[in-house]
Amino acid sequence: MSPDNGNDGCVAVLGGTGWVGRHVCAAFAARGYRVVALARNPVPGVRHDAFVRLDLATATPDAIARILRAERVDVVVNATDAANATDGWEHTEEQFARVNVEVVRHLLAAVAALPRPPRLVHLGTIHEYGPGEPGVAIDESVVPNPVSGYARTKLAGSHLVLDAARAGRVDGAVLRAVNVCGPHPSPVSLPGKLLRLLDEATGTGRMELGVAPDRRDFVDVRDLADATLRAAGRPGLRCAVNIGSGTAVDMRSFVTLFVTSAGYPASILVQRPATGSGLGGAWIEADIRRAGTLLGWAPRIPLGRSLRDMWEAYRAG
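The written sequence of each chain sets the order in which its residues are numbered from 1. Local features in this predicted model are restricted to residues of pLDDT 70 or higher, and side-chain atom pairs are both shown and tallied only at a pLDDT of 80 or more, whereas totals for entire chains, interfaces and linings draw on every residue. Heavy atoms from the whole structure form the basis of all side-chain values; hydrogens and water molecules are not counted.

Enquirer: Help me out: how do you make sense of the packing of aromatic side chains in this one?
Expert: Any two of the Phe, Tyr and Trp rings considered here, Trp counted by its six-membered ring, make a pair once their centres fall within 6.5 Å; the pair's planes then place it as stacked at under 30 degrees, edge-to-face at over 60, or tilted in between. Summed over the entire model, instances satisfying the criterion amount to 6 aromatic pairs. When the centroid spacing of 5.7 Å and the interplanar angle of 25° are considered together, the rings of tryptophan 311 and tyrosine 314 count as stacked. With tryptophan 311 and tyrosine 314 both in helix α9 (residues 303–316) and 3 residues apart, this pair spans about one turn of that helix. Here the term buried applies to any residue with accessible area under 20% of the maximum for its type, exposed to any over 50%, and partly exposed to those in between, with areas from a 1.4 Å probe on protein chains only. Taking the relative accessible area as the measure of exposure, tryptophan 311 reaches 5% and is therefore buried. Ring pairing ties together the aromatic residues Phe258, Tyr264, Trp311 and Tyr314, which thus form one cluster. In DSSP terms, a helix is any run of H or I states spanning at least four residues, a strand is any run of E spanning at least two, and both are numbered starting from the N terminus.

Enquirer: Help me understand the packing of helix α7 (residues 251–261) against α9 in this model?
Expert: Axis definition: a line fitted to C-alpha atoms, over the contacting stretch in the case of helices. Angles run 0 to 180 degrees between N-to-C directions. Between α7 and α9, the shortest axis-to-axis distance is 8 Å and the interhelical angle comes to 55°. In terms of axis orientation, α7 runs oblique to α9. The element α7 and its partner α9 pack so that their crossing is right-handed. Where α7 abuts α9, its residues Phe254, Leu257, Phe258 and Ser261 lie against Leu303, Gly304, Leu307, Arg308, Met310 and Trp311. What sets the label is the angle itself: under 35 degrees gives roughly parallel, over 145 gives roughly antiparallel, 65 to 115 gives roughly perpendicular, and the rest give oblique. By definition, turning the near helix anticlockwise from the far helix through less than a right angle yields a left-handed crossing, and turning it clockwise yields a right-handed one. Between two residues, a contact is recorded if the distance between any of their heavy atoms is within 4.5 Å.

Enquirer: Even after reading the chapter, I still don't get the environment of alanine 110, so can you show me in this structure?
Expert: The residue alanine 110 is located in helix α3 (residues 93–112) in this model. Judged by relative accessible area, which is 1%, alanine 110 ranks as buried. With 42 residues separating them along the chain, alanine 110 and leucine 68 place their C-alpha atoms 8.3 Å apart. Leaving out residues up to four positions away in the same chain, alanine 110 has contacts with Pro61, Ile64 and Ala65.

Enquirer: Could you clarify how one ought to interpret helix α5 (residues 190–204) in this entry?
Expert: The α-helix winds at 3.6 residues per turn, so residues separated by three or four positions along the chain end up facing the same way. One less than the residue count of a helix, multiplied by 1.5 Å, gives the span that helix is expected to have. The end-to-end C-alpha separation of α5 is 21 Å, in line with the 21 Å expected for 15 residues at 1.5 Å each. Among the residues of α5, Pro191, Gly192, Leu194, Leu195, Leu198 and Ala201 are the ones counted as buried. In the core, the buried residues of α5 are packed alongside α1 (19–30), β7 (179–181), β8 (207–211), α7 and α9. N-cap assignment for α5: the residue whose side-chain oxygen lies 3.1 Å from the backbone N of glycine 192 is serine 189. Of the residues flanking the end of α5, it is glycine 205, one or two places downstream, whose phi is positive at about 75°. For this analysis, a polar contact is any N or O atom pair within 3.5 Å, provided that within protein one partner can donate a hydrogen and the other can accept it, and provided that sequence-adjacent residues contribute only side-chain to side-chain pairs.

Enquirer: Explain the pairing of β8 here, please?
Expert: Remark: a regular strand shows side chains that alternate across the two faces of the sheet. Going residue by residue along β8, you find Met207, Leu209 and Val211 tucked away on one face and Glu208 and Gly210 left uncovered on the opposite face. Relative to strand β12 (residues 269–273), β8 runs parallel, the two sharing 5 bridges. Bridged to valine 211 within β12 is proline 273. What makes two strands pair is DSSP finding at least two bridges between them.

Enquirer: Looking at this structure, I do not really get the sheet that holds strand β2 (residues 34–39). What am I missing?
Expert: Strand pairing in a sheet relies on backbone hydrogen bonds. The paired strands run either parallel or antiparallel. Overall, parallel pairing links the 7 strands, which are arranged β3-β2-β1-β4-β5-β6-β10 in an open sheet. Pairing within the sheet leaves two strands with one partner each, and these edge strands are β3 (50–53) and β10 (240–243). Strand-to-strand twist across the sheet, computed as the mean angle between neighbouring axes with direction ignored, equals 20°. Where strand β1 (residues 10–14) meets strand β4 (residues 75–78), 4 bridges bridge the pair, whose relative direction is parallel. Across the sheet, residue leucine 14 finds its bridge partner in β4, namely asparagine 78. Contacts from helix α6 (residues 221–232) reach β4, β5 (119–125), β6 (171–177) and β10 within the one sheet, and its direction differs from that of β5 by about 145°.

Enquirer: Just checking my understanding: could you explain the packing of α3 against helix α4 (residues 149–166) for this structure?
Expert: To characterise two packed helices, one gives the angle between the axes of the helices and the distance between these axes. In the contact formed by α3 and α4, the axes pass within 8 Å of each other and the chain directions differ by 10°. With respect to each other, α3 and α4 are oriented roughly parallel. Contact residues: Glu93, Phe96, Ala97, Asn100, Val101, Val104, Arg105 and Leu108 in α3; Gly149, Tyr150, Arg152, Thr153, Lys154, Ala156, Gly157, Leu160, Val161 and Ala164 in α4. Throughout, the ten residues Ala, Val, Leu, Ile, Met, Phe, Trp, Tyr, Cys and Pro are labelled nonpolar, Asp, Glu, Lys and Arg are labelled charged, and all others, Gly among them, are labelled polar. Its residues assigned to classes, the contact of α3 with α4 shows 10 nonpolar, 4 polar and 4 charged.

Enquirer: Whenever I open this one, unusual backbone geometry confuses me. Can you help?
Expert: Generally, phi is negative for residues other than glycine and the peptide bonds are trans, each holding for most cases. A positive phi angle is found at arginine 72, which is not glycine, with a value near 55°. For arginine 72, the position within the fold is in the loop between α2 (61–70) and β4. Using a relative accessible area of 64% as the deciding quantity, one classes arginine 72 as exposed.

Enquirer: Sorry if this is basic, but what is going on with the sheet that holds strand β11 (residues 248–250) here?
Expert: The strand order across the open sheet formed by 3 strands is β7-β9-β11, and the pairing between neighbours is mixed. Each edge of the open sheet is held by one strand with a lone partner, namely β7 and β11. Recorded for the sheet is a direction-independent mean angle of 55° between the axes of neighbouring strands. Most of the contacts of α7 go to β11, to which it runs at about 75°, and overall it touches β9 (215–220) and β11.

Here it is, written out as C-alpha cells:
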C-alpha cells in the first residue's frame, strides 16, 4: 500500500520505545496505522495504541509469533539495536550478537510461522559497509567489510533478513541508516552526549570536548522514520537501501552548528583534537539515489533544524 494513502492496518515496532523506534511509532500512527510497541519497559511520550512488555533479547520465536498473531499485525519494523543499551558501545561482540543477530533470527522464524506473514522492515546501519573512501559516497553495490564487533553483528542481522527475503521466506527489506540526529537521542549516542555537555555549559559558560577530524553523514530521525514508513508500503521490495543526507559533514562544524542552532555563541566551545576515528573510519557519506528511486524518499529536515529541535526537546523534557 502506498504511504501516501490512509491505512487502517497494524504495525508492530520492536524496540518501539527507543530513539528511532518512538519516531517510527509516530510516523505510522500519523498515517492511520494501529501501532503496537514491543519493548522491555514503557516510556512516556511514545505514541502507540498498545504496549507489549517483552525482553526481545530472550524472547522465543513462538512468543513473538503469538504476539504478532494476536495483534493481527500487517507490518513489523525491527528498530532494536544493541548499542541503545545503557552501557552503549561497551559490549563484547558476543553481547552485540544477542540483539543484533539472535533477535533477528527469532523474529524471522516468528514471521515465517504466521499464516499471513507481515511485511518486514529491518533497520540496519551504514557502518555495515566498513570505512568509506574519502570523497566517495557509499552506494549499495559496495561489498560490506565492517571493522567493529557492532558493525559485524549488524551486518549479520541484515544478511539474515536479505537471505530470507531472496529465498521467499519473508517479504522484507533492510534500511542502512547513517548517523542519526534529532529529538530524544539515546544518552549513549554522540547527540545525547552533546546535549548533556551543552546543558552543563549553560551554567559554566564552557563546553569542552575532543573532536576527531572526521566527516560524517547525518539524517534526522524523523526522516528515517518516514523512510521506514515508505519501505513498509512497498511490498515486494527485498533489498538494502541507504538512508542518509548524502552529505559528509566535518565533525568540528557539526558540533559548532549544534551549539549555534541551540542559540548559544560558538565561543563557548573548546574543541580539542581527538585521535582515532569512529565505526566508519574518517569518512562516511551515503549515496541515497536508490532511496529516491525505489521509495520516493528524500531527506526533508535540514541539519540545523534537526539539531535545534533536538535541543528544544531536551530542554522541554
